[in-house]
Amino acid sequence: MGSLLYLRLIGFTAGTLLQLFWMVVILGYRRQRNFERVFFFLCLSLFLFYSGSLLALNAQIYYQVPPALLQISAITLLCAGLCLLPPVLVHLHLEFAETRELLRNRAWKRIVLFAAYVPILYFALRVYPQIATAPGFDFLIPGNALGRAYGVWLGVALLVSAGWEGRFALRAPDRRQGQFHGLLAVLFVAGSAMVVYLHVLSGPLSPNFSAGISTALAWLAIPPSAILIYLVQRFNFLQIGRQKNLVYAVTAAFLALLYLSLVRRVSVWLEPVLPPEASASILLFVLVIFIEPLQHVLGRRLQETAHREMDRVQRLTAEIQQEARGGNLKELVNFIQRRVQEQFELASATLTLVDPAKAVLRRRVLKPGEENDRTSASISDQCFPVRQKHGLVAVLRAEPHGAAISGETRAALEFLCEQLPGALDLCRLIEEKLQLERELAERERLAVLGQMAASISHNLKNPLGSIKTILQVQMENPELPQSIRGETKMVLEEIGRLSSKLNQLLQFSRPAIRGGAVAATCDARAMAEEVSGVLRHEAERRGVALQVEVGPDGAKLAASSEAVSEILSNLVVNALEATARGGIVKMSGRANGFGYLFAVEDDGPGVAENVREKILQPFFTTKTQGTGLGLAIVARRVAEFGGKLDWESPVRNGHGTRFEVMLPMK
């Protein structure tokens, strides 16, 4: 039994330290996710079991008759850990399944969790009081004290966990995770068999064999806990690997504690030969020998880490430069956010462009009473400024999975932010060049269209004028038959409609002068009332209610009355034509801090998805009778005065279209 005693002592010590290590890491990690919270309680339950077992074992070694208080403390820790273990084990696997989207039925999850946690009440209120007061607690196989019901409870929890681990292994994103989950599945099946043998069948074979099985069961959680440290550190398993500062700090603290414990233990062993103070001084002085080798190892490791992070940033910078040559700033920003998040394994990455002339990056100063509020400080630590000589051009916010960004990741992100201004400038220059080329090509195309429109309008308008005059003279003839009179009136109406289309062609053929007619002004309210007055008859003929809401603020627009009338008329006519009988067209106007905003809204069917990109193009129309120039003229006239045209469709309930025109005020 000597070797078994040492195996249990080593196992309980290692288990206690490993679970304590993970508890400290999770507390320092502070990721707001249920999985980490439940994982903490699983480590806590194992910590209680191992620490209780270690306490009882040390009491047996150092005392012939352990004190009663020590016994009660060990029994309490053991029972708390054993009773908490089965439900938390099931809960952890359900939470992990939910993160992997393998569990979506929350009602079923609640039922399973209720069934898993309810037995705690039975063992806490009924079984534990009997154990605590009864003599002869079996510390070698402590689960037997809780009865066969506990064996069934723990065995089922281990089998359920093994089933989930099998599913996780099959759905694992990479080979390493699949192997780790497969190992856990095997260990859970083996653990379930051991539990059934020890606690349900009560160990029918020899006591020595049962003690060996109990020791193996106690060791069962140690290999996965140790392997998990390696996976987290080497392959960023569970996204904790990026918190290397935290892992290094906790590891160093635990190594220091272990060495101090070793110093104390060796001092006790050498007490017959050396005073404890002398042996402790010698052992502490021995550390000086390892300072220089440790310095070399750490220096080499830091150099490798620096090279690795710089290589990572240089590769990422090359990708960003390549994307910048596409000349699309919006797509470049999305690309940077996505690649930074993937490359540095962050929860999210956001790049916000700012105006260099107005941007000032300030750290928020806490008000009195907010000293304990660390939210603003954490946000500030996550923000990385992107600067040029003339000032701040962007801010990159990197949100880690845990509480803080590790040192090497912070250094890499700062180096990346030094490279971003060049990529952003390159993208802007290429985007401006492409925009100028598109505008030049568009102007050339519109010039050709304008010349053609002017030629067609000029060649048709004079003959139409002559025909209209002749027909008007014929209409004044009292001897004209009534049937011919009606047909002549219809022809005159069609000539009028054709003349209005030719007028649109002439308007479109005029050269657009950006910023032209700066000296011209008009009253916003008067223009809205004028246009509504002209088109109200047309609205009544179509059975559409035309509503006008313009504030009496006397706003003066820095645009000609002819241009504003043309803009509003085209928008209202389009809205009337798109609205069915009984519908409503609303024209509104108000001044804001940027200019004067006109809005024309209808409750028609809205703009179809497949024509959204074309509605402002000249000669594009979805109407059977139309030139497709109304909105093109509106966009052109708004641009002449430095205004802005926006539109939205659908507006509400899948229907309606709203056009907004922002014009400068005098």
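See the structure shown above.
Note that the structure is predicted; figures quoted are calculated from it, not measured. (Residues numbered from 1 in each chain as written. Predicted model: local features only at pLDDT ≥ 70, side-chain atom pairs only at ≥ 80, totals over all residues. Heavy atoms only, no water.)

**A short note on the overall build of the protein chain**
Turning to step 1, where the next piece is worked out: Looking only at helices and strands, the protein chain features 19 helices and ten strands.
Turning to step 2, where the next piece is worked out: In the protein chain, 72% of the contacts between residues at least 6 apart in sequence involve partners at least 24 apart.
Turning to step 3, where the next piece is worked out: As displayed, the protein chain offers around 37,000 Å² of accessible surface, 61% of which is attributable to carbon and sulfur atoms. (Helix = DSSP H or I, 4+ residues; strand = E, 2+ residues; numbered from the N terminus. Contact = heavy atoms within 4.5 Å. Areas by Shrake-Rupley, 256 points an atom, 1.4 Å probe, with all protein chains shown as cover.)

**Let's talk about the packing of aromatic side chains**
Turning to step 1, where the next piece is worked out: Enumeration over the complete set of coordinates arrives at 18 aromatic pairs.
Turning to step 2, where the next piece is worked out: For the ring pair tyrosine 122 and phenylalanine 123, a centre distance of 5.1 Å and an interplane angle of 75° mean the geometry is edge-to-face.
Turning to step 3, where the next piece is worked out: For tyrosine 122, a relative accessible area of 41% puts it in the partly exposed group.
Turning to step 4, where the next piece is worked out: Judged by its relative accessible area of 2%, phenylalanine 123 falls in the buried class.
Turning to step 5, where the next piece is worked out: Ring plane angle 85° and centroid distance 5.9 Å describe the contact between phenylalanine 123 and tyrosine 150, whose orientation is recorded as edge-to-face. Taken together, the residues span a long stretch of sequence, with phenylalanine 123 in helix H5 (residues 119–133) and tyrosine 150 in helix H6 (residues 148–170) at a distance of 27 residues. Each member of the pair, phenylalanine 123 as well as tyrosine 150, carries the same accessibility label: buried. (Phe/Tyr/Trp six-rings, centres within 6.5 Å; stacked < 30°, edge-to-face > 60°. Buried < 20%, exposed > 50% of the residue type's maximum accessible area, 1.4 Å probe, protein only.)

**With respect to the environment of arginine 397**
Turning to step 1, where the next piece is worked out: Mapped onto the fold, arginine 397 is located in strand E3 (residues 391–399).
Turning to step 2, where the next piece is worked out: According to the relative accessible area criterion, arginine 397 is partly exposed, its value standing at 33%.
Turning to step 3, where the next piece is worked out: Expressed as a C-alpha distance, the spacing of arginine 397 and proline 385, which sit twelve residues apart in the sequence, is 8.6 Å.
Turning to step 4, where the next piece is worked out: A polar contact of 3.3 Å, which involves the side chain of arginine 397, links it to the side chain of glutamine 382. (Polar contact = N/O pair within 3.5 Å; in protein donor to acceptor, adjacent residues only side chain to side chain.)

**A few points about the sheet that holds E3**
Turning to step 1, where the next piece is worked out: Pairing is antiparallel across the open sheet formed by three strands, whose spatial order is E1-E3-E2. Every interior strand has two partners, whereas the edge strands, strand E1 (348–353) and strand E2 (383–388), have only one. On average, each strand axis in the sheet is tilted by 20° relative to the strand beside it, whichever way the strands run.
Turning to step 2, where the next piece is worked out: Examined bridge by bridge, E2 and E3 share six bridges and lie antiparallel to one another. Looking at E3, one finds that proline 385 is bridged to valine 395. (Pairing = 2+ DSSP bridges. Axes fitted to C-alpha atoms, helices over the stretch in contact; angles between N-to-C directions.)

**Considering the sheet that holds strand E8 (residues 595–602)**
Turning to step 1, where the next piece is worked out: The five strands are arranged E5-E7-E8-E10-E9 in an open sheet whose pairing can be described as mixed. Where the open sheet ends on each side, the last strands, each with one partner, are strand E5 (545–550) and strand E9 (644–648). Each strand axis lies, on average, 15° off the axis of its neighbour in the sheet, ignoring direction.
Turning to step 2, where the next piece is worked out: Bridging between E9 and strand E10 (residues 657–663) involves five bridges; their strand directions are antiparallel. From the neighbouring strand, lysine 644 faces E10, where its bridge partner is methionine 662.
Turning to step 3, where the next piece is worked out: Of the strands in this sheet, E5, strand E7 (584–592) and E8 touch helix H17 (residues 524–542), which is tilted by about 175° from E5.

**A closer look at a positive patch on the surface**
Turning to step 1, where the next piece is worked out: A contiguous patch of positive charge, built from Arg175, Arg176, Arg234, Arg301 and Arg308, is present on the exposed surface.
Turning to step 2, where the next piece is worked out: For the positive patch, the elements supplying multiple residues, two or more each, are helix H7 (175–200) and helix H12 (291–324).
Turning to step 3, where the next piece is worked out: Looking at where arginine 308 falls in the secondary structure, it is placed in helix H12.
Turning to step 4, where the next piece is worked out: Judged by its relative accessible area of 37%, arginine 308 is partly exposed. (Patch = residues over 30% accessible without salt bridge, like charges linked within 9 Å, V, L, I, M, F, W, Y side chains within 5 Å. Salt bridge = Lys/Arg side-chain N within 4 Å of Asp/Glu carboxyl O. Lys, Arg positive; Asp, Glu negative; His and termini not counted. Charge placed at Lys NZ, Arg CZ, Asp CG, Glu CD.)

**Things to note about the pattern of salt bridges**
Turning to step 1, where the next piece is worked out: For the coordinates displayed, the defined rule picks out 20 salt bridges.
Turning to step 2, where the next piece is worked out: Across the pair aspartate 523 and lysine 556 runs a salt bridge, and its minimum N-O distance is 3.8 Å. With aspartate 523 in strand E4 (residues 522–523) and lysine 556 in strand E6 (residues 556–557), the pair connects residues that are 33 residues apart, well separated along the chain.
Turning to step 3, where the next piece is worked out: The salt bridge partner of arginine 541 is glutamate 538, with a shortest N-O separation of 2.7 Å. Residue arginine 541 and its partner glutamate 538 are both found in helix H17; the two are separated by three residues, about one turn of the helix.

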